[in-house]
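Descriptive analysis of the structure
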Amino acid sequence: MALVVISLVLGLCVGAFSAPAPDTPKQIDLLMPHVQPKVPDTYLCHGMKLNSSATYITGFIPNANMNIAHHMLLYGCTSPGMKKPVWNCGEMASDSSMFDTAPTCASGAKILYAWAMDAPSLSLPKDVAFAVGGDTDIKYLVLQVHYKNVTTFLPPQNGNDTSGLNLITQKNKLPRRAGVYLMGTGGRIKPKSTVFMETACKFDSNLEIHPFAFRTHTHTLGRVVSGYRIRDGKWTEIGRMNPQKPQMFYNVTTPNLTVKPGDILAARCTMLNDRDTTVNIGATQNDEMCNFYIMYYVDGKTIMDDNYCFTSGPPNWSWENFGQGDLALEDMPDTVSLPPGSSEPLEEGKDDVARDDESLESILDNLQPRELEELYEELAEEGKDNDLNGYYYGGY
Ligand code: IYT
Ligand code: CU
Ligand code: CU
C-alpha cells in the first residue's frame, strides 16, 4: 500500500515538474551550395551561423562522393574567414579567381570532425556531444572540402557539387562534453635526413579527460605520428598512425585511458626528408606540419580552455629539453617511430637516407672538399672506403 502511494506521488511529481520533453534529434545539413571549382586542389569553405541558444552535436554523417571530395574538415569558429556562402580557403589555397580567398576561421578555429576517402565513420561515445552556438565560443560552423580532381566540373560534364555533412543534433544538454586537444611543433627538417619533431606538455588542467579518438596531420614528409600519456614514468600509447593514410579521427589505441592533472602528454612526428633542401613548418604543400589531435570527453559541461601543446621543434627543442617533470625517456616504447605495419623503426640521422635514396655519385658531386674528407673517414671506419675510390683521390 505504502509503495503504491509513493510511486503514485513520484509519478505525479515527475509528470508535473520534470518530464523532459522528449528531445527529437534534428538533422542539420551543412552542404556545399552547388559549387563548381575549376582548378585542381581547390579548398572551398562554406559557413553557417549558429543560434543564440546552444546546439549539441552527437554525430556526423558524411554526404560525399569520394571521386569528387578528397577530404572534408568541419571547423568550429568564433568568427568565420568570410561571411559569404563560399570562399576559397585552406592551407595551400590555390589561386582560383572564381572565389574570394580567406582563412577557414578568422578567429577561434577548432577542428570538430574530419572525413577522408575510404575512411570509417566516427560516432561519438554514448552521452557525448560537442556544444556549439549559444554562449560557447563556437559561433559558426565551417565546412572545408578539398577538391583534388575537378574534371566533373569542367566541360563537357559541367557538374556541380553538394558534398558535406548531416549533423545529428539536439537542443537538450548531454552529460558529457567533447573537445579537441591539439599537439604540434614548429621547426625545420634538414635535407636528406630523418628528423623527429617532438612536443610534450604537463597536463595542468584540473579536469580529467577521456581521449577516445585521435588524428594525425603532416604533409608529404611525415612517416609516423605517435602520441602518449606518461603517468609516473610509464608511457601509454594514445595513437600512432601513418599520416599518408586518410587523415581522419581514428579510435585511440588504448581504450578507457584518462589524462589527469600531473600526467604528461607527448607526441612525435617522424619525418623523412629526401629533398636536397631544408623544409620548414608552414602552410604550403612544400612546407610541413606536425600535428597530433586528441578528441576527448569530460564529464559535465566544463571544457578545457587551454587546448594546445606546441613546441618550437627541431633543431631547438626535443624531448630532451622537457623541463616540467620526468618524461622517463629511458622507458619510451621502441615503437614511437615505428610505422604501423612495419617492423623497422625509423632512426634519426642524416646519412642513411642519403645513401639509400640517391646514387653515391650525385651525393659526392654536391659535397664540399671538407665534407668529402669527413665522409671518407667515416666510411673507412665502417670498412666501406672502397666505395669512394676515384672520388676522394680524384675529386679535388
Ligand atoms: C602550423 C600548424 O601546425 N598548423 C596546423 C595546426 C593548427 C590547427 C588549427 C593550427 C591552428 C589551428 O587553428 I584548427 I592556428 C594546421 O593548420 N593543421 C591542418 C588544418 O589546416 C587545421 C590540419 O589539417 O590539421
Ligand atoms: Cu584532401
Ligand atoms: Cu598542414
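In what follows, the structure referred to is the one given above.
I will try to describe carefully the structure that is included in this document. Throughout, residues of each chain are indexed from 1 in the direction in which the sequence is written. Key to labels: chains lettered from A, ligands numbered from 1, both in the order written. Whole-chain, interface and lining totals are the exception, using all residues; otherwise, since this is a predicted model, local features are given only for residues with pLDDT of at least 70 and side-chain atom pairs are given and counted only at 80 or more. The basis for the side-chain values is all heavy atoms of the structure; hydrogens and waters are excluded.

This brings us to the state of the cysteines. Two cysteine sulfur atoms form a disulfide, by the criterion used here, when they sit within 2.5 Å. Applying the stated criterion across every chain, the model contains 4 disulfides. Here Cys-45 connects covalently by a disulfide to Cys-89, the sulfurs 2.0 Å from one another. Linking Cys-45 and Cys-89, the disulfide has an S-S dihedral of approximately 85° and is accordingly described as right-handed. You can see Cys-45 sitting in strand β2 (residues 42–49) and its partner Cys-89 sitting in the loop between β6 (86–88) and β7 (105–107), a full 44 residues away along the chain. The disulfide that involves Cys-269 links it to Cys-290, with 2.0 Å between the sulfurs. Linking Cys-269 and Cys-290, the disulfide has an S-S dihedral of approximately 85° and is accordingly described as right-handed. A residue pair is termed long-range when its members are at least 10 positions apart, and Cys-269 in strand β19 (residues 264–273) and Cys-290 in the loop between β20 (279–280) and β21 (291–299) qualify at 21 residues. Accessibility here uses a 1.4 Å probe with only protein chains present; expressed as a share of the type maximum, an area under 20% marks a residue as buried, one over 50% as exposed, and anything in between as partly exposed. Cys-269 sits in the buried class, given a relative accessible area of 1%. According to the relative accessible area criterion, Cys-290 is buried, its value standing at 3%. Each bonded cysteine in the chain gets a number by its place in the sequence, and the pairs come out as 1-3, 2-4, 5-8, 6-7. A run of H or I in DSSP becomes a helix once it reaches four residues, and a run of E becomes a strand once it reaches two; helices and strands are each numbered from the N terminus.

The next point concerns the nonpolar core. When a protein is soluble and globular, its nonpolar side chains tend to lie buried together. Formed by 87 residues in total, the largest nonpolar core has its most connected members in Leu-74, Phe-130, Leu-141, Tyr-147, Tyr-181 and Met-295. By residue number, the principal contributor to this core is β21, which donates 7 residues. We define a nonpolar core as any set of buried Ala, Val, Leu, Ile, Met, Phe, Trp, Tyr and Cys residues linked to one another through side-chain atoms lying within 4.5 Å. Ile-230, Trp-317, Phe-322 and Leu-327 belong to the second-largest nonpolar core, a separate cluster that totals 12 residues.

Looking at the element boundaries, Lys-192 is found in the loop between β13 (188–189) and β14 (193–202). Under the rule applied, a polar contact is a pair of N or O atoms within 3.5 Å (in protein, one hydrogen donor and one hydrogen acceptor; residues adjacent in sequence only if both atoms are side-chain atoms). Here Asp-274 takes part through its backbone oxygen, which lies 2.5 Å from a polar atom of the side chain of Lys-192.

This part covers the sheet that holds β19. Two strands in a sheet stick together by hydrogen bonds in their backbones, pointing the same way (parallel) or opposite ways (antiparallel). Paired strands, as defined in this entry, are two strands with at least two bridges between them according to DSSP. The strand order across the open sheet formed by 4 strands is β14-β19-β16-β17, and the pairing between neighbours is antiparallel. Only two strands of the sheet have a single neighbouring strand rather than two, namely β14 and β17 (234–241). Taking the axes of each pair of neighbouring strands and ignoring which way they run, one obtains an average angle of 20° across the sheet. Where strand β16 (residues 222–231) meets β19, 8 bridges bridge the pair, whose relative direction is antiparallel. Paired with Ser-226 across the two strands is Arg-268, which belongs to β19. Each axis is a line fitted through C-alpha atoms, taken for helices only over the stretch in contact, and angles between the N-to-C directions span 0 to 180 degrees.

So, about the pairing of β21. Along a regular strand, successive side chains alternate from one face of the sheet to the other. Counted residue by residue, β21 has 8 buried out of 9 residues, so it is predominantly covered. Where strand β15 (residues 210–217) meets β21, 7 bridges bridge the pair, whose relative direction is antiparallel. Directly across from Thr-216, in β21, lies its bridge partner Phe-292.

Our focus in this paragraph is the pattern of salt bridges. Any carboxyl oxygen of Asp or Glu within 4 Å of a side-chain nitrogen of Lys or Arg constitutes a salt bridge here. For the structure shown, the criterion picks out 8 salt bridges. Here Asp-100 and Lys-84 are joined by a salt bridge, their closest N and O atoms 2.6 Å apart. Pair noted here: Asp-100 is in the loop between β6 and β7 and Lys-84 is in the loop between β5 (79–80) and β6, with a separation of 16 residues, a long-range link. The class of Asp-100 is partly exposed, set by a relative accessible area of 37%. Taking relative accessible area as the criterion, Lys-84 reaches 43% and is therefore assigned partly exposed. Linking Glu-237 and Arg-240 is a salt bridge whose minimum nitrogen-to-oxygen distance equals 3.1 Å.

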